[in-house]
Each structure stands twice: as structure tokens, then as C-alpha cells.
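Understanding the architecture of this molecule
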Amino acid sequence: MRDWEIPPDCLEAARVLAEQFHVNERLTCIRTAARLYEEARKIGPDGLCVEVGVWCGWTAAVMAAAGPTVLCVDTFRASDSWVDGDAHSLGVDRSGYKWGTLAHYARNICRRGLGHQIAAIQAMSLEAAGAMGVNQADLVFLDGNHNYLDVVGAIIGWQHVLPPGGVLCGDNWEAGNVSGAVERSVAVLGWPDLWHANGDGGDQLWLVRKPKP
């Protein structure tokens, strides 16, 4: 496992963006966001990042602010973890469940002037993955369901959209059996050099690069 020091300017960029989002709209910690910002910046304005599991647009905004176009894939119907407390924290009543997080996502992206860089597909993860061709994205960030089978399915289902050298990453390394699902999947694919954060400050990013021939 390699060391990965976060560049101070990436951390600062993530902190500045964090101030523009309500804390309950940021389910990914600032350190993880800063790492995503760094990877997205390497890709540059001609690249494409895909985020699977979008919530209210926080990490999509982070990656877009670094330069690339971002494609967001989510049902936007709110996840199985949606409870009254979540609805209250986001400022909606129970009827808001009918549209889930889509309005919050759209509001956040538009308010930050990122609509020209971010597009959304309202779809199930594997349906969207199946519609994409080979080598179409430079980075795929998986942050949808975190149970074992869903994580394995997402990794196998999305890996074809990355070219050699492309980045596959996700959040919640320590949640449930995410770590086991990731380790098993990348071993089956034969992808070496899996990296994950140690949990400091809530940082639970994992990342692996598709091997080059």
C-alpha cells in the first residue's frame, strides 16, 4: 500500500467547496473529497469522471471543479437508508420522498455554475453501465449501495468503461463488507496495487488503477 499525502491546495479546494454545501448533503468526508479532486485534476478538462450514487451532488461538484466533465448516475429516489431524519435534515417534508434527492442535486449543481460540466442519468447503476461503451471514462467513483453483492456487481459491471490506466475508486472501505467485496473483485480482475485510506478523519476512499498492457 503506497503512501498518499494529500496536496494542500487540493485539501483547501475541498474545504472551500464544503462550505457551500449543508453538512447533511456531504456524506463523503473532506479528505476523501480532496483525493477525488486530485485525481480529477490529473484527468483534466478533456476527461470524463463517472459517479455512481450521487446523493446531493457534493462529490460530483468536487470532481467537476477540478476540470473534467462528470456523469452522475443515480435513481435519485432516495436510498434504502432514507428516514424521516434525513428528510428533515434536507429541509423537506415526507412528500419530498416522492422525488428523493433529485431537486437537491439540481439546485446544488446549478447554484455553483457547474451545469455545463455535470450531466445526470436517472437510472440503475448496471443499466447505465451496460449502456456505456469500452474505454469511455477516465475515472469511475462508486458510492451506491455498500453490501457485498452490490459492490462486486458494480465493480465488475463498470470496469469495462475504463481504459488501461483508468481509475476505479469508491467510498466506505470500512462499511459492512465493502473491503472484502473490493479485494475479491480486483483479485478476480487481476488488478494489482489496491490502495485504501486508513479512516483518519472519516477518510475511507479505496482506489485501484486498471493495469496497462
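Owing to the predicted nature of the structure, the values given are computational and were not obtained by experimental measurement. The numbers attached to residues start from 1 for each chain and follow its sequence in the written order. Totals for whole chains, interfaces and linings use every residue, but because this is a predicted model, local features are given only for residues with pLDDT of at least 70 and side-chain atom pairs only at 80 or more, for both listing and counting. Note that water and hydrogens are dropped before the side-chain values are worked out from all heavy atoms of the structure.

1. Some thoughts on the overall build of the protein
Per the secondary structure count, the protein includes 8 helices and 7 strands. Working definition: with a 1.4 Å probe on protein chains only, accessible area under 20% of the residue-type maximum means buried, over 50% means exposed, and in between means partly exposed. Taking all 213 residues of the protein together, the buried fraction comes to 51%. In the protein, of all internal contacts separated by at least 6 residues, the share reaching a separation of at least 24 is 71%. We count a stretch as a helix when DSSP gives it H or I for four or more residues in a row; a strand needs E for two or more, and each element gets its number in order from the N terminus. It only takes one pair of heavy atoms within 4.5 Å for two residues to be counted as in contact.

2. Structural notes on the pattern of salt bridges
Pairs can form between side chains of opposite charge once their charged atoms are near each other. For this analysis, a salt bridge means a side-chain nitrogen from Lys or Arg found within 4 Å of a carboxyl oxygen belonging to Asp or Glu. If you walk through the whole model with that rule in mind, you get 5 salt bridges. A salt bridge links Asp9 to Arg41, with the nearest nitrogen and oxygen atoms 2.6 Å apart. Residue Asp9 is located in helix 1 (residues 8–18), and its partner Arg41 is located in helix 2 (residues 30–43); the two are separated by 32 residues in the primary sequence. Judged by its relative accessible area of 41%, Asp9 falls in the partly exposed class. For Glu25, the salt bridge identified is with Arg107, shortest N-O distance 2.5 Å. Placement of the pair is Glu25 in the loop between helix 1 and helix 2 and Arg107 in helix 5 (residues 102–111), with a sequence separation of 82 residues. Bridged by salt links that share partners, the residues Glu39, Lys42 and Arg209 form one connected network.

3. Looking at the packing of aromatic side chains
Pairs were defined over the aromatic rings of Phe, Tyr and Trp, the Trp ring being its six-membered one, requiring ring centres within 6.5 Å. Orientation was assigned from the angle between planes: stacked under 30 degrees, edge-to-face over 60, tilted for the rest. In total, this model carries 3 aromatic pairs according to the counting rule given. Between Phe21 and Trp58 the ring centres are 5.6 Å apart and the planes differ by 65°, which places this aromatic pair in the edge-to-face class. Taken as a pair, Phe21 in the loop between helix 1 and helix 2 and Trp58 in helix 3 (residues 58–65) lie far apart in primary sequence, 37 residues in all. Looking at Trp58, the relative accessible area reads 2%, which means it is buried. With a centroid separation of 5.1 Å and an interplanar angle of 45°, the aromatic rings of Phe76 and Tyr105 are classed as tilted.

4. Section: the pairing of strand 2 (residues 69–74)
Among the 6 residues that make up strand 2, 5 are buried, leaving the element largely enclosed by the rest of the structure. Two strands qualify as a pair provided that DSSP identifies no fewer than 2 bridges between them. As paired elements, strand 1 (residues 48–52) and strand 2 share 5 bridges and run parallel to each other. Bridge pairing in strand 2 places Leu48 opposite Thr69. Between the parallel elements strand 1 and strand 2, the chain passes through helix 3 in a crossover that is right-handed. For strand 2 and strand 3 (residues 118–122), the ladder comprises 5 bridges, and the chain directions are parallel. For Asp74, the partnering residue across the bridge sits in strand 3 and is Gln122. Think of it like this: strands point away, you trace from the first strand over the helix to the second, and a clockwise trace means the crossover is right-handed.

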